[in-house]
Amino acid sequence: MNKEKTLCIIKPNAINDNNIGNIVARYEKENLKVVAMKMVKLTKERAEGFYIEHKERPFFGSLVNFMTSGSVVLIVLEGDEAVSKNRKIMGATNPADAEPNTLRKLYARSLEANAVHGSDSLPSAEREISYFFTDDEIFPRS
């Protein structure tokens, strides 16, 4: 197996609905280890920088507003095939299309307020993790 790291963001709606523990417990149950975690309130500039690839898309402003509307929990997950495993656990971006028992089916409110973000590839994971975490904030586990 290929041990990887990936980024998860628990979005404001899932925090407001008191689902941080449920989401973290699900990752741990699926053998993804939390190697870094912090709660932050993203500034507009920080959210815009993170979602820069969507800048020209019509939903960009709404996404930035949502992601700055409350706290988020940033998590680095580590495990075998962590990127693809996390994508499967999260479910489809649109919760209406998500498989039963996926995080987005269980905890999303809408397409935008879909509870969690996850890196879509290993290069994205590396970029996203380094955007929010320094190397000394990540504690790999065996």
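Reading guide: rules and limits
Numbers given for residues are sequential positions, taken from 1 along each chain in its written order. With pLDDT at 70 or above as the cut-off, local features in this predicted model cover only qualifying residues; side-chain atom pairs require 80 or more to be listed or tallied, and sums for whole chains, interfaces and linings still use all residues. In computing side-chain values, all of the structure's heavy atoms are included and hydrogens and water are not. Secondary structure elements follow DSSP: runs of H or I of four or more residues count as helices, runs of E of two or more count as strands, with numbering from the N terminus. Remark: exposure states derive from per-residue accessible area (1.4 Å probe, protein chains only) relative to the maximum for the residue type, with buried under 20%, exposed over 50%, and partly exposed in between. Here a polar contact means two N or O atoms within 3.5 Å. Within protein one must be a hydrogen donor candidate and the other an acceptor candidate, and residues neighboring in sequence count only if both atoms are side-chain atoms.

A closer look at the side chain of E78
Part 1: By the element assignment, E78 lies in strand 3 (residues 72-80).
Part 2: Judged by its relative accessible area of 5%, E78 falls in the buried class.
Part 3: Looking at E78, its side chain comes within polar contact range of the side chain of K5, at 3.2 Å.

Structural notes on the environment of N18
Part 1: With respect to the helices and strands, N18 occurs in the loop between helix 1 (12-16) and helix 2 (20-29).
Part 2: As a C-alpha pair, N18 and T134 span 116 residues in sequence and 27 Å in three-dimensional space.

Some words on unusual backbone geometry
For residues that are not glycine, phi is negative in most cases, and the peptide bond is trans in most cases.
Part 1: Phi at N31 is positive, roughly 65°, even though this residue is not glycine.
Part 2: Mapped onto the elements, N31 comes out in the loop between helix 2 and strand 2 (33-40).
Part 3: A relative accessible area of 58% means that N31 is categorised as exposed.
Part 4: Of note in the backbone geometry, N101 takes a positive phi value of approximately 70° without being a glycine.
Part 5: When its relative accessible area of 47% is taken as the criterion, N101 is described as partly exposed.

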